[in-house]
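# Understanding the architecture of this molecule
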Amino acid sequence: MEVVILPDAAAGAGVVADAVAALLGRRPEAVLGLATGSSPVPVYDELVARYRAGAVSFAQARAFLLDEYVGLPAGHPQSYATYIDRVFTSRVDFGPGAVRSPDGTASDLAAAGVAYEAAIKAAGGVDLQLLGIGGDGHIGFNEPGSSLASRTRLKTLTGQTRADNARFFASLDDVPRHVITQGVGTILAARHLVLVAQGATKAAAVALAVEGPVTAMVPASALQLHPHVTVVLDEAAASRLSLASYYRETYANKPAWQGL
Ligand code: GLP
C-alpha cells in the first residue's frame, strides 16, 4: 500500500488525475470504477478540466459505479446514477451506455447483483477503482460487519450512514434504508485501488484502515490484502497515521518512473 500525503484536496486530485490519464493513454478502452460522495469530486473536476483542454478522452472507456440506493426512482436527483452523471460522466465524452450502475429499482435485487457482477466481468474487470471512505470505515456501502469476500448485493445502512447522508435529502426519513453495493470482494478484484480522503472527520477511519488489523469491522482495512493500493490524503485525514513521516519520505524519494 502506498500512502501519499499532500497539502490539500487539489494536490491529491492532480496525482489521481495523472494516474487516470496515464491509464487511458496506454489503454483508451480502460474500465474505471467510480465512487460517489464528496471526496472524489476534486478528482472529477480535474479530469473534466483535462478533458476540456484536450489532454484526456473517455470516448472508448467504460465505467462502473460502486453502489446505488434501493427504491429511488430512476432519475431521482439523489440516486447515485444521477449524481455521477451530474458531477462527472455527462461532463466528459463517455459513449452511450458506457457508464453502468447497480439497479436499485430491480424487483429481484439478488439477480440484479449477479447481473452487475457479470457485466463487470464481461467488460474485462475494473482497471482503476476510485474509492472514498465512510467515517465508520465503509467502502462503497459495505458497512462494518460486511464479509470481506462479499459480492454485489443488498445491504442495510447503519443509522450513522443514513444520518451522514441526510444532508442530501429533505429529511432523515427520506434517506433509503437499503442499498445495492459492490462487495468488498468485488472491489478487491479491481487491478488498482485508489482511495481518496480529506479532512479530520476521516482521520480515525483512515488510520484504522491503513494501520489497523484487517477486520470486517473496518471494511476499508481489506485494502491491505490488495497488491496495488494508493491512498491519497490531505494533512488532516493523515493526522492519525503513526507512520506518516515514513510515508512522506517514501513519496518524496520515489523514482519518477514508478507512477502511482
Ligand atoms: C457514501 C458512499 C461511499 C462514500 C462515503 C463517504 O456512503 N456510498 O462510497 O465513500 O459516502 O462520502 P464522502 O466522500 O461524501 O465523505
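All values reported here derive from a predicted model rather than from experimental measurement.

Close contact between helix 1 (residues 9–26) and helix 2 (residues 41–52) brings their axes to 8 Å; oriented N to C, the two are set at 55°. As summarised for this structure, helix 1 and helix 2 are arranged oblique, according to the angle between their axes. Considering only the axes of helix 1 and helix 2, their crossing is right-handed. Note on element contacts: helix 2 touches helix 1 through Pro-42, Val-43, Glu-46, Leu-47 and Arg-50, opposite Ala-9, Ala-13, Gly-14, Val-16, Ala-17, Asp-18, Val-20 and Ala-21. Taken together, the residues that form the contact of helix 1 with helix 2 break down as nine nonpolar, one polar and three charged.

Pairing in this open sheet of seven strands is parallel, and the strands run 1-10-9-6-2-3-5 from one edge to the other. If you trace the sheet from one side to the other, it starts and ends with strand 1 (2–6) and strand 5 (99–100), each paired once. As judged from the five bridges shared by strand 9 (residues 192–197) and strand 10 (residues 229–234), these two strands associate in the parallel manner. When the sheet's bridge partners are listed, Val-196 is paired in strand 10 with Val-232.

A full pass over the atoms with the stated rule returns 10 aromatic pairs. Their ring planes at 35° and their centres at 5.2 Å tell us that Phe-58 and Phe-94 sit as a pair that is tilted. Taken together, the residues span a long stretch of sequence, with Phe-58 in the loop between helix 2 and strand 3 (62–65) and Phe-94 in the loop between helix 3 (80–87) and strand 5 at a distance of 36 residues. You'll find Phe-58 and Phe-94 in the same group, each marked buried. Seen in terms of ring centroids, Phe-88 and Phe-94 are 6.0 Å apart; in terms of plane orientation they differ by 85°. Their pairing is edge-to-face. The pair formed by Phe-88 and Phe-94 is uniform in burial state, with each residue classed as buried. In textbook terms, an aromatic cluster arises when at least three aromatic residues are bridged by ring pairs, as seen for Tyr-44, Phe-58, Phe-88 and Phe-94.

A word on helix 2. In this model, helix 2 (12 residues) spans 16 Å end to end at C-alpha, consistent with the 16 Å of a helix rising 1.5 Å per residue. Turning to helix 2, its buried residues number three or more, namely Val-43, Tyr-44, Leu-47, Val-48 and Arg-50. Along helix 2, the residues classed as buried sweep out an arc of 165° about the axis, all on the same side. In this fold, the buried residues of helix 2 make contact with helix 1, strand 2 (31–34), helix 3, strand 6 (128–131) and strand 9. At the C-terminal side of helix 2, Gly-54 shows a positive phi close to 80°.

Turning to the nonpolar core, a few remarks are in order. Val-16, Leu-32, Phe-58, Phe-88, Phe-94, Leu-233 and Leu-241 are the most contacted members of the largest nonpolar core, which totals 81 residues. Counting residues per element, this core draws most heavily on helix 1, which supplies eight residues. Apart from residues no more than four positions distant in its own chain, Phe-94 is found in contact with Leu-32, Phe-58, Ala-61, Arg-62, Ala-63, Phe-88, Thr-89 and Val-99. Formed by five residues, the second largest nonpolar core is a distinct cluster that contains Ala-106, Leu-109, Ala-112 and Ile-180.

Moving on, we get to the side chain of Glu-143. One can find Glu-143 in the loop between strand 6 and strand 7 (153–156). Here Glu-143 sits buried without a salt bridge, and the closest side chain of opposite charge, Lys-155, lies 7.8 Å off (N-O distance). Within polar-contact distance, the side chain of Glu-143 engages the side chain of His-138 at 3.0 Å. A polar atom in the side chain of Glu-143 sits 2.9 Å from the backbone nitrogen of Thr-158.

In the structure shown here, the tally under the stated rule is three cavities of 30 Å³ or more. Approximately 70 Å³ is the volume found for the largest cavity. Together, 13 residues line the largest cavity, and Ala-9, Gly-12, Ala-13, Gln-198 and Val-232 are the ones closest to its centre. Looking at the lining of the largest cavity, the elements that each hand over two or more residues are helix 1, helix 2, strand 9 and strand 10. Reported here for the second largest cavity is a volume of approximately 50 Å³. If you tally residues by element for the lining of the second largest cavity, the top one is helix 7 (residues 203–211), at three residues. Tallied by class, residues from the lining of the second largest cavity come to nine nonpolar, no polar and no charged.

With that settled, consider the site of the ligand. For the ligand, the set of nearby residues contains 13 residues, the closest of which are Ser-38, Ser-39, Asp-67, His-138 and Lys-202. Within the side chain of Ser-38, one N or O atom sits 2.7 Å away from an oxygen atom of the ligand. Notes on the ligand: free accessible area 390 Å², of which the protein chains cover 92%. A majority-of-atoms criterion places the ligand in the largest pocket. Counted by class, the shell around the ligand contains three nonpolar, seven polar and three charged residues.

About the criteria used
Residues numbered from 1 in each chain as written. Predicted model: local features only at pLDDT ≥ 70, side-chain atom pairs only at ≥ 80, totals over all residues. Heavy atoms only, no water. Axes fitted to C-alpha atoms, helices over the stretch in contact; angles between N-to-C directions. Helix = DSSP H or I, 4+ residues; strand = E, 2+ residues; numbered from the N terminus. Parallel < 35°, antiparallel > 145°, perpendicular 65-115°, else oblique. Left-handed = near helix turned anticlockwise from the far one by under 90°. Contact = heavy atoms within 4.5 Å. Nonpolar A, V, L, I, M, F, W, Y, C, P; charged D, E, K, R; others polar. Pairing = 2+ DSSP bridges. Phe/Tyr/Trp six-rings, centres within 6.5 Å; stacked < 30°, edge-to-face > 60°. Buried < 20%, exposed > 50% of the residue type's maximum accessible area, 1.4 Å probe, protein only. Expected span 1.5 Å × (residues − 1). Arc of directions from axis to C-beta. Core = buried A, V, L, I, M, F, W, Y, C linked by side-chain atoms within 4.5 Å. Lys, Arg positive; Asp, Glu negative; His and termini not counted. Salt bridge = Lys/Arg side-chain N within 4 Å of Asp/Glu carboxyl O. Polar contact = N/O pair within 3.5 Å; in protein donor to acceptor, adjacent residues only side chain to side chain. 1 Å grid on protein atoms, 1.4 Å probe; cavity = no way out; pocket = protein on both sides within 12 Å on 5 of 7 lines; lining within 4 Å. Points joined across faces, edges and corners; volume = space filled by probe spheres on them. Near = heavy atom within 4 Å. Areas by Shrake-Rupley, 256 points an atom, 1.4 Å probe, with all protein chains shown as cover. Sits in = over half its atoms within 2 Å of the grid points.

These figures come from the coordinates and say nothing about function on their own.
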